[in-house]
Amino acid sequence: MFKGVAYSVLASVTFGVLYFYTQLLGTLDSEQTFGWRIIATLPFLTLFMWLSGDLGLISTIFKRILGKPLLLPFLMMTSVLTSAQLWLFLWAPMHGRGLQVSLGYFLLPLVLVLAGRFLYGETLSRLQTLAVLLAVFGVGHEIWRLGSIAWETVFVALGYAAYFILRKKLQTDHLGGFWWDLLLILPVAVVFTQTGDLPLVKFLEQPTLIFVVIGLGVLSAVGLGSYILASRYLPLIIFGLLGYLEPVLLALASLLMGEKIGTEEWLTYIPIWLAVLVLVLEGAVHVYQQRQRKRHLELNLKQYGKRVDRDENA
């Protein structure tokens, strides 16, 4: 559990940094940025998998494809689902739609919680239930305020949920499955890098752009790799609730990049930020309880050892 939480936090922080990082890409448009992101991420993801001991999962899925070719079309579906999200993640801050996408990430944990509860029979603790109620209030207020919900918000919330559910069904919910998702979309990514006017000339005019793209690959590999590992190590409900850290960071990044939260929007964001605070509180309580149990166990073992010594001396 602790390992999954650590991976989830690392992923959320990295995604928050990536929202800022898009500002360094200069004249590259969202399609070119998406293409270079996929190309740069794949080798660093491979390195990440080698360091985490998951490299063998690539060949495992390849053997599954050879044994059951029908798996390949489903892998193409998961590839399209995740690639569309990666494109939107880059497109939104470049077009002033960062808050709409961040709201989608606010809504996503609720969808994952519902999926975990009704599809997999997972249960909520009292504090987790409180966090869900706060989040429902915040998201519900936003939908009531607007009278509708932006397509970016719906696309993130339902698209990512469908992605995780399908991966669990296919038993590819690990880094190997994600590696294949990127590999299958690679030809499209190469085409995207060549869109626009004289795309390669931009690298000649701005040589530092090469290092920016490499950095994009490193951050993407760390963030996405950690995110996939977190989804593997955590129950869907816990994974979903921890996901609230990411939209909080994305919203803050959007604000720092010039977007603003209107007076009538605070009732959306404050309850959701409180939900994150509740989850942090529960995490602190959980760590404290674990330490108390460990101390109690160590004390019992020490007392047992003393009794054994007395019995032997007697």
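Above this text is the structure in question.
Residues numbered from 1 in each chain as written. Predicted model: local features only at pLDDT ≥ 70, side-chain atom pairs only at ≥ 80, totals over all residues. Heavy atoms only, no water.

Trainee: Would you take a moment to explain the side chain of Thr-41 for this structure?
Mentor: On the secondary structure map, Thr-41 appears in helix α2 (residues 30–52). Reaching out from Thr-41, the side chain makes a polar contact with the backbone oxygen of Arg-37 at a distance of 2.5 Å. Discounting residues that sit within four places of it in the chain, Thr-41 has contacts with Leu-182, Leu-216, Gly-217, Ser-220 and Ala-221. (Helix = DSSP H or I, 4+ residues; strand = E, 2+ residues; numbered from the N terminus. Polar contact = N/O pair within 3.5 Å; in protein donor to acceptor, adjacent residues only side chain to side chain. Contact = heavy atoms within 4.5 Å.)

Trainee: Looking at this structure, how should I read helix α4 (residues 71–94)?
Mentor: Owing to its 3.6 residues per turn, the α-helix brings residues three or four apart onto one side. Its 24 residues place the ends of α4 35 Å apart at the C-alpha level, agreeing with the 34 Å of an ideal helix rising 1.5 Å per residue. Once α4 ends, the next one or two residues include Gly-96, with phi positive near 70 degrees. (Expected span 1.5 Å × (residues − 1).)

Trainee: What is the right way to read unusual backbone geometry from this model?
Mentor: Positive phi values are uncommon outside glycine, yet Gln-171 reaches one of about 60 degrees. Mapped onto the secondary structure, Gln-171 falls in the loop between α7 (151–170) and α8 (175–193). Judged by its relative accessible area of 57%, Gln-171 falls in the exposed class. (Buried < 20%, exposed > 50% of the residue type's maximum accessible area, 1.4 Å probe, protein only.)

Trainee: In this structure, what is going on with the side chain of Ser-226? I would like to understand it.
Mentor: Looking at where Ser-226 falls in the secondary structure, it is placed in helix α10 (residues 209–233). Among the polar contacts made by the side chain of Ser-226, one reaches the main-chain carbonyl oxygen of Val-222 at a distance of 2.6 Å. Discounting residues that sit within four places of it in the chain, Ser-226 has contacts with Tyr-7, Leu-10, Ala-11, Phe-48 and Ala-221.

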